[in-house]
Amino acid sequence: MALLNFKRKTQTGQTVSPVVSDFLQDFSIEVMPRTAAKVENFQDILPSGTRVYIAHIDGTPIEDMVGTAKRLADEGFDVMPHFPARIIQDAAKLENWIAMYQGEAGVKQALLLAGGVNEPKGDFDSSMQLLDTGLFDKAGFTRLHVAGHPEGNKDIDPDGSMKNVNDALSWKQEFSKRTDAQMALATQFCFESKPIIEWADGLKAAGIDIPVHIGIAGPAKLQTMIKFAIACGVGPSLKVLQKRAMDVTKLMLPYEPTQVVTELAEHKAANPEFNIEAVHFFPLGGIKTNAQWAQDNGAEAPASRST
């Protein structure tokens with residue numbers, strides 16, 4: 001455990017724990033076409049080969065999604081677009097989207113999720129239905145991620161339980177045995193380590209061994225963070241932000257995920273079998289800000305800064 005107290009410096013001169021640094025390696029990050037367009041060159045802010053999720057918000061033209069995927073692939077990044085089930089009309093539309101992504105950007109990775117609309121626009125209501133089409137396996141996708149909810153999801157379980165969420169995870173566990181693609185659970189962001197650890201350990205106890213890519217909200221103004229947390233249905237860990245907002249000395253300071261990341265990193269170091277495999281950032285305060293925070297805390301530097 002002495003390793004936890006040993007410090008080293010990043011290229012920027014900031015002292016960080018090697019445990020946190022190791023935990024942040026191979027992090028992923030999420031963008032949208034409109035936020036990506038504000039970044040002049042991703043090679044200046046992200047390590048080469050970083051997995052970049054492209055969030056598909058209802059109303060975004062598929063051409064914008066594919067164009068963003070192509071740009072990121074051309075700049076040397078692993079591209080993982082969202083496929084939101086409830087905005088995809090049918091299997092023919094899904095097959096067309098897959099063909100566009102592969103034809104233009106060589107995409108072989110996808111995040112499949114229900115999507116942020118209440119009523120399906122066609123045949124699909126869940127990521128399980130998308131998986132069941134067999135189209136991703138047919139197209140040779142090498143990696144398929146699905147959603148995880150450490151604090152539950154009231155859209156899926158209105159009664160506040162975890163029953164439907166857990167039933168879906170059991171189905172996805174069985175699917176993982178019959179697909180050649182690597183699978184992982186990409187989760188909603190949380191602000192406390194304890195519920196994350198309890199949830200992840202509960203998955204293993206239930207026989208679900210799909211690796212977890214834990215959602216972490218990147219640095220942002222506290223008011224911005226609370227707004228997004230409420231909109232995204234973050235559970236009990238929201239109280240961490242609410243408590244901070246009551247302290248006038250902290251109200252105007254930006255939120256940073258230092259505490260939750262450090263606690264998870266230390267738990268992983270002490271329990272190597274812990275099933276969190278990687279960190280996935282939601283850059284609520286901006287992509288550049290989030291990428292810089294990761295680098296300042298020991299993540300790999302962009303190639304443009306490595307010489």
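My aim in this report is to walk through the structure given alongside it, one point at a time. (Residues numbered from 1 in each chain as written. Predicted model: local features only at pLDDT ≥ 70, side-chain atom pairs only at ≥ 80, totals over all residues. Heavy atoms only, no water.)

**Looking at the overall build of the protein chain**
The number of helices and strands found in the protein chain is 12 helices and 10 strands. Here the protein chain holds 307 residues, and the buried ones make up 49% of them. Considering only contacts in the protein chain between residues 6 or more positions apart, those separated by 24 or more positions represent 76%. Total accessible area on the protein chain is roughly 14,400 Å²; 51% of this is exposed by carbon and sulfur atoms. (Helix = DSSP H or I, 4+ residues; strand = E, 2+ residues; numbered from the N terminus. Buried < 20%, exposed > 50% of the residue type's maximum accessible area, 1.4 Å probe, protein only. Contact = heavy atoms within 4.5 Å. Areas by Shrake-Rupley, 256 points an atom, 1.4 Å probe, with all protein chains shown as cover.)

**What to know about the environment of Trp 171**
Counting through the fold element by element, Trp 171 comes out in helix α7 (residues 163-176). Given the relative accessible area of 24%, Trp 171 is considered partly exposed. Sequence separation between Trp 171 and Met 128 is 43 residues; the distance between their C-alpha atoms is 7.8 Å.

**Thoughts on the packing of helix α8 (residues 193-205) against helix α11 (residues 258-270)**
The geometry of α8 relative to α11 is characterised by a closest axis approach of 9 Å and an angle of 35° between their N-to-C directions. In this structure, the crossing between α8 and α11 has a hand that is right-handed. The residues of α11 that touch α8, namely those facing Ser 193, Ile 196 and Ile 197, are Val 260, Glu 263, Leu 264 and His 267. Considered class by class, the residues forming the contact of α8 with α11 number four nonpolar, two polar and one charged. (Axes fitted to C-alpha atoms, helices over the stretch in contact; angles between N-to-C directions. Left-handed = near helix turned anticlockwise from the far one by under 90°. Nonpolar A, V, L, I, M, F, W, Y, C, P; charged D, E, K, R; others polar.)

**Some words on the environment of Lys 268**
Structurally, Lys 268 can be placed in helix α11. Given the relative accessible area of 24%, Lys 268 is considered partly exposed. Taking C-alpha positions, Lys 268 is 9.6 Å from Ile 197, a pair spaced 71 residues apart along the chain. Beyond its immediate stretch of four places on either side in the chain, Lys 268 contacts Phe 23, Phe 274 and Ile 276.

**Observations regarding the pattern of salt bridges**
Applying the stated rule across the entire model yields seven salt bridges. With a closest N to O distance of 2.7 Å, Lys 121 and Asp 58 form a salt bridge. Highlighted residues: Lys 121 in the loop between β6 (109-113) and α5 (127-132) and Asp 58 in the loop between β4 (51-54) and α3 (62-74), separated in sequence by 63 residues. The partner of Arg 86 in a salt bridge is Asp 125, with the nearest N and O atoms 3.1 Å apart. Remark: Asp 125 occurs in the loop between β6 and α5 and Arg 86 occurs in the loop between β5 (78-84) and α4 (91-105); sequence separation between them is 39 residues. According to the relative accessible area criterion, Arg 86 is buried, its value standing at 15%. The exposure class assigned to Asp 125 is partly exposed, which follows from its relative accessible area of 34%. (Salt bridge = Lys/Arg side-chain N within 4 Å of Asp/Glu carboxyl O.)

**What to know about the packing of α3 against α4**
Contact pair α3 / α4: the axes reach a minimum separation of 9 Å and the direction vectors enclose 30°. Handedness of the crossing formed by α3 with α4: right-handed. Contacts from Ile 62, Met 65, Val 66, Ala 69, Lys 70 and Ala 73 in α3 reach Trp 97, Met 100, Tyr 101, Glu 104 and Ala 105 in α4. For the contact of α3 with α4, a count of residues per class yields nine nonpolar, no polar and two charged.

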